[in-house]
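Coordinate inspection notes
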Amino acid sequence: MNGLRHRIRGRLASLAGVVALLTAVLAGVTAGTANAAPAAAVPARAAGSAQAAAGIGWICNGAPVTPGYVLTSHTNNGCNGAGMWWQTPVRDGIWTCATSPIPAGYVLSGHNPTGCDGYDSWYMRLPVDGLWTCGTSPVPPGYVITQHAGSGMGCANIDAWFMQRARDGLWVCAGSPIPPGYVTTGHNNNGCGGIGSWFEVVARPGLLVCPNVPIPPGYRLGNYSGSGCNGLGGWYLLPS
């Protein structure tokens, strides 16, 4: 009987040891998992996540460009062979791809026909008074075009235009914007490198203005004169 009791006690002791061992292992696994949890979150804070959050990075060909961003690089790789473009916030003085949007208020003043992976690239910047811009550039509000350089003479074999701030008494090229509050009073067929030019002044009563000129608020057209606008005819500008 004593022997049987001894064997039972031994088996119980062994079972208790196994239970203790399993408890220790499970406790270690639980502790290890708890300690490992913070480490698993590290990749989300890796370098580049701030750029991704800001929208900076590669986008697939055809994807919309974030407003205020421009495209500066291209690769045929990625997006299942569709190709990708690198988008980044616009800034004053940046080379952009030809496919890039031009944010409001910016102009193009340089051209590289082999840039941007062969897609052409353009130098984008904020406007200043007295700047040669490329023929594809927009003209921001308050600016006019006063000179023209033909193909091969400016902007890497693309036409170039000289942009100035609008002011009273400027000859502007045909096609130049007419800022609010201005009218044209003269015309020169040979001006602006043969394109033709118009004499632009601040509107005031009594001016003999050219045909097809926007009439500023507060004014109306009066009598017609065939001698106005260097023979093109014109109307006297009167207060409304």
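Here is what the cut-offs are and how they apply
- Residues numbered from 1 in each chain as written.
- Predicted model: local features only at pLDDT ≥ 70, side-chain atom pairs only at ≥ 80, totals over all residues.
- Heavy atoms only, no water.
- Buried < 20%, exposed > 50% of the residue type's maximum accessible area, 1.4 Å probe, protein only.
- Helix = DSSP H or I, 4+ residues; strand = E, 2+ residues; numbered from the N terminus.
- Pairing = 2+ DSSP bridges.
- Salt bridge = Lys/Arg side-chain N within 4 Å of Asp/Glu carboxyl O.
- Disulfide = S-S within 2.5 Å.
- Contact = heavy atoms within 4.5 Å.
- Polar contact = N/O pair within 3.5 Å; in protein donor to acceptor, adjacent residues only side chain to side chain.
- Phe/Tyr/Trp six-rings, centres within 6.5 Å; stacked < 30°, edge-to-face > 60°.
- Axes fitted to C-alpha atoms, helices over the stretch in contact; angles between N-to-C directions.
- Core = buried A, V, L, I, M, F, W, Y, C linked by side-chain atoms within 4.5 Å.
- Lys, Arg positive; Asp, Glu negative; His and termini not counted.

1. Some remarks on the pairing of strand β11 (residues 182-188)
Within β11, six of the seven residues are buried, which leaves it mostly tucked inside the rest of the structure. Of the strand pairs in this sheet, β11 and strand β12 (residues 197-202) are connected by six bridges, and their pairing is antiparallel. Bridge pairing in β12 places Asn-188 opposite Ser-197.

2. Focus: the pattern of salt bridges
In this structure the tally under the stated criterion is two salt bridges. Between Arg-167 and Asp-129 there is a salt bridge, with the nearest N and O atoms lying 3.8 Å from each other. Pair noted here: Arg-167 is in the loop between β9 (160-165) and β10 (170-173) and Asp-129 is in the loop between β6 (121-125) and β7 (131-134), with a separation of 38 residues, a long-range link. Among the ionic pairs, Asp-168 bridges to Arg-204, the shortest N-O distance being 3.6 Å. Pair noted here: Asp-168 is in the loop between β9 and β10 and Arg-204 is in the loop between β12 and β13 (208-209), with a separation of 36 residues, a long-range link.

3. As for the state of the cysteines
Using the criterion set out here, one finds five disulfides in the structure. By sequence order of its bonded cysteines, the chain has the disulfide arrangement 1-2, 3-4, 5-6, 7-8, 9-10.

4. So, the environment of Asp-92
Relative to the helices and strands, Asp-92 is located in the loop between β3 (84-89) and β4 (94-97). C-alpha of Asp-92 to C-alpha of Tyr-106: the two residues are 14 residues apart in sequence and 8.1 Å apart in space. In contact with Asp-92, other than residues within four places in its own chain, are Tyr-106, Met-124, Arg-125 and Leu-126. Among the polar contacts listed, one links the side chain of Asp-92 to the backbone nitrogen of Leu-126, at a separation of 2.9 Å.

5. Things to note about the packing of aromatic side chains
Here the structure, examined in full by the defined rule, presents six aromatic pairs. Taking 5.2 Å as the distance between ring centres and 50° as the angle between the ring planes, the aromatic pair formed by Trp-171 and Phe-199 counts as tilted. With Trp-171 in strand β10 and Phe-199 in strand β12, this residue pair connects regions lying 28 residues apart in the sequence. For Phe-199, a relative accessible area of 24% puts it in the partly exposed group.

6. Re the sheet that holds β7
Reading across the sheet, the three strands line up as β7-β9-β8 and stay open at both edges, with antiparallel pairing between neighbours. This sheet does not close on itself; its edge strands, each paired only once, are β7 and β8 (143-149). Pairwise comparison of adjacent strand axes, ignoring direction, gives a mean angle of 40° for this sheet. Relative to β9, β7 runs antiparallel, the two sharing four bridges. In the sheet register, Leu-131 faces β9, and the bridge partner there is Met-163.

7. Quick notes on the nonpolar core
With eleven residues, the main nonpolar core is built from Val-70, Val-90, Ile-94, Tyr-106, Leu-108, Trp-122, Met-124, Cys-134, Ala-149, Cys-155 and Ala-160. If sequence neighbours within four positions are ignored, Val-70 has contacts with Trp-86, Gln-87, Thr-88, Val-90, Ile-94, Thr-96, Ser-100, Pro-101, Pro-103 and Met-124. Judged by nonpolar contacts, the second largest core, of nine residues, contains Val-201, Ala-203, Cys-229 and Leu-237.

8. A look at the side chain of Thr-75
Turning to its location among the elements, Thr-75 is positioned in strand β2 (residues 69-75). Looking at Thr-75, its side chain comes within polar contact range of the main-chain nitrogen of Asn-77, at 3.2 Å. With sequence-adjacent residues up to four places away left out, Thr-75 is seen in contact with Trp-58, Gly-83, Met-84 and Asp-117.

9. Some thoughts on the sheet that holds strand β14 (residues 219-225)
In space, the three strands of this open sheet follow the order β13-β15-β14, with antiparallel pairing throughout. Each edge of the open sheet carries a strand with a single partner, namely β13 and β14. Inspection of the sheet shows β13 paired to strand β15 (residues 234-239) by two bridges, in the antiparallel sense. Bridged to Val-209 within β15 is Trp-235.

10. A closer look at the side chain of Glu-200
With respect to the helices and strands, the residue Glu-200 is situated in strand β12. It turns out Glu-200 is buried and unbridged, and the closest side chain with the opposite charge, Arg-167, is 9.7 Å from it. Discounting residues that sit within four places of it in the chain, Glu-200 has contacts with Val-144, Arg-167, Asp-168, Gly-169, Leu-170, Val-172, Pro-177, Ile-178, Pro-179, Tyr-182, Val-183 and Thr-184.

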